[in-house]
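# Architecture at a glance
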Amino acid sequence: LLSADGLKLQPPMWMAVQCVTTSTSTADDSCASSSSASASDIGSLVNLEAFPIEDVSHPFLAAARTALFETGVASFPDFLRPAAVAAAAGEATLASPTAFVTDSEHNAWQTERNTSLPADHLANLFMRTRVASVATDEIGPTLKRLYEAPELLAFLSALLQR
């Protein structure tokens, strides 16, 4: 993936961006074919053998919840099937020309530097964040299918206990 300024970006494996058909672009055949399965066919996108998200009582969910609450991170490597990642990457490439790009430096709290604290204090540790975002109505079929899957919503609700 390339950002608007031409920098090469590598998306996380769980993230996908879709085919976009706008007044300035058209979806190619590989993107169009990714929309052929029904929105509830989550198994064509998610590796259900490793991550049985349809079973909210499965032990992997308890382990993920424990990791999330102990470390702040629940990691799901290879959550998406390789074909879904490939489709999403192609769709992201199509969407990238219309992405809104931000590039900023901030601390974890997104506050100003605190001169009353030492320079090496965590509140004064600033990091660079570069993000390219595509509007929801411009995402294509792969990510849309994932976002609209009731199984994913139920899994995330169980993970977050909400």
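An account of the accompanying structure is given in this report. The structure presented is a predicted model; accordingly, all values stated were derived computationally and were not measured.

### Things to note about the packing of helix H2 (residues 59-71) against helix H5 (residues 150-160)
If you want to describe how two helices pack, look at the angle between their axes and the distance between the axes. For the pair H2 and H5, interaxial distance at closest approach is 9 Å and the crossing angle is 50°. What the angle tells us is that H2 and H5 run oblique. For the pair H2 and H5, the sense of crossing is right-handed. Contacts between H2 and H5 involve Phe 60, Leu 61, Ala 64, Arg 65, Leu 68 and Phe 69 from the former and Phe 155, Ala 158, Leu 159 and Leu 160 from the latter.

### Section: the pattern of salt bridges
Summed over the entire model, instances satisfying the criterion amount to two salt bridges. Residue Arg 81 pairs with Glu 49 through a salt bridge whose shortest N-O separation is 2.8 Å. Of the two residues, Arg 81 is situated in the loop between H2 and helix H3 (82-95) and Glu 49 in the loop between helix H1 (29-33) and H2; the sequence distance between them amounts to 32 residues. Owing to a relative accessible area of 23%, Arg 81 belongs among the partly exposed residues under this scheme. Judged by its relative accessible area of 63%, Glu 49 falls in the exposed class.

### Some thoughts on the packing of aromatic side chains
The geometry of an aromatic ring pair is captured by the separation of the ring centres together with the interplanar angle, meaning the angle of the planes. Applying the stated rule across the entire model yields eight aromatic pairs. Judged by centre distance (5.7 Å) and plane angle (80°), the rings of Phe 51 and Phe 76 are edge-to-face. One end of the pair, Phe 51, is in the loop between H1 and H2; the other, Phe 76, is in the loop between H2 and H3, and 25 residues separate them in sequence. Taking 5.7 Å as the distance between ring centres and 75° as the angle between the ring planes, the aromatic pair formed by Phe 76 and Phe 155 counts as edge-to-face. With Phe 76 in the loop between H2 and H3 and Phe 155 in helix H5, the pair connects residues that are 79 residues apart, well separated along the chain. As far as the burial class goes, Phe 76 and Phe 155 line up, both buried. Through pairs of rings, three or more aromatic residues link up here, namely Phe 51, Phe 60, Phe 76, Phe 79 and Phe 155. Positioned over the ring face of Phe 126 is Arg 113, at 3.9 Å from the centre of the ring.

### Points about the environment of Leu 152
Among the structural elements, Leu 152 can be located in helix H5. In this structure, the C-alpha to C-alpha distance between Leu 152 and Ile 42, residues 110 residues apart in sequence, is 8.1 Å. Contacts of Leu 152, omitting those with residues within four sequence positions, involve Ile 53, Phe 79 and Leu 146.

Parameters at a glance
- Residues numbered from 1 in each chain as written.
- Predicted model: local features only at pLDDT ≥ 70, side-chain atom pairs only at ≥ 80, totals over all residues.
- Heavy atoms only, no water.
- Axes fitted to C-alpha atoms, helices over the stretch in contact; angles between N-to-C directions.
- Helix = DSSP H or I, 4+ residues; strand = E, 2+ residues; numbered from the N terminus.
- Parallel < 35°, antiparallel > 145°, perpendicular 65-115°, else oblique.
- Left-handed = near helix turned anticlockwise from the far one by under 90°.
- Contact = heavy atoms within 4.5 Å.
- Salt bridge = Lys/Arg side-chain N within 4 Å of Asp/Glu carboxyl O.
- Buried < 20%, exposed > 50% of the residue type's maximum accessible area, 1.4 Å probe, protein only.
- Phe/Tyr/Trp six-rings, centres within 6.5 Å; stacked < 30°, edge-to-face > 60°.
- Lys NZ or Arg CZ within 6 Å of the ring centre and 35° of its normal.

Any link to function would need more than the numbers given here.
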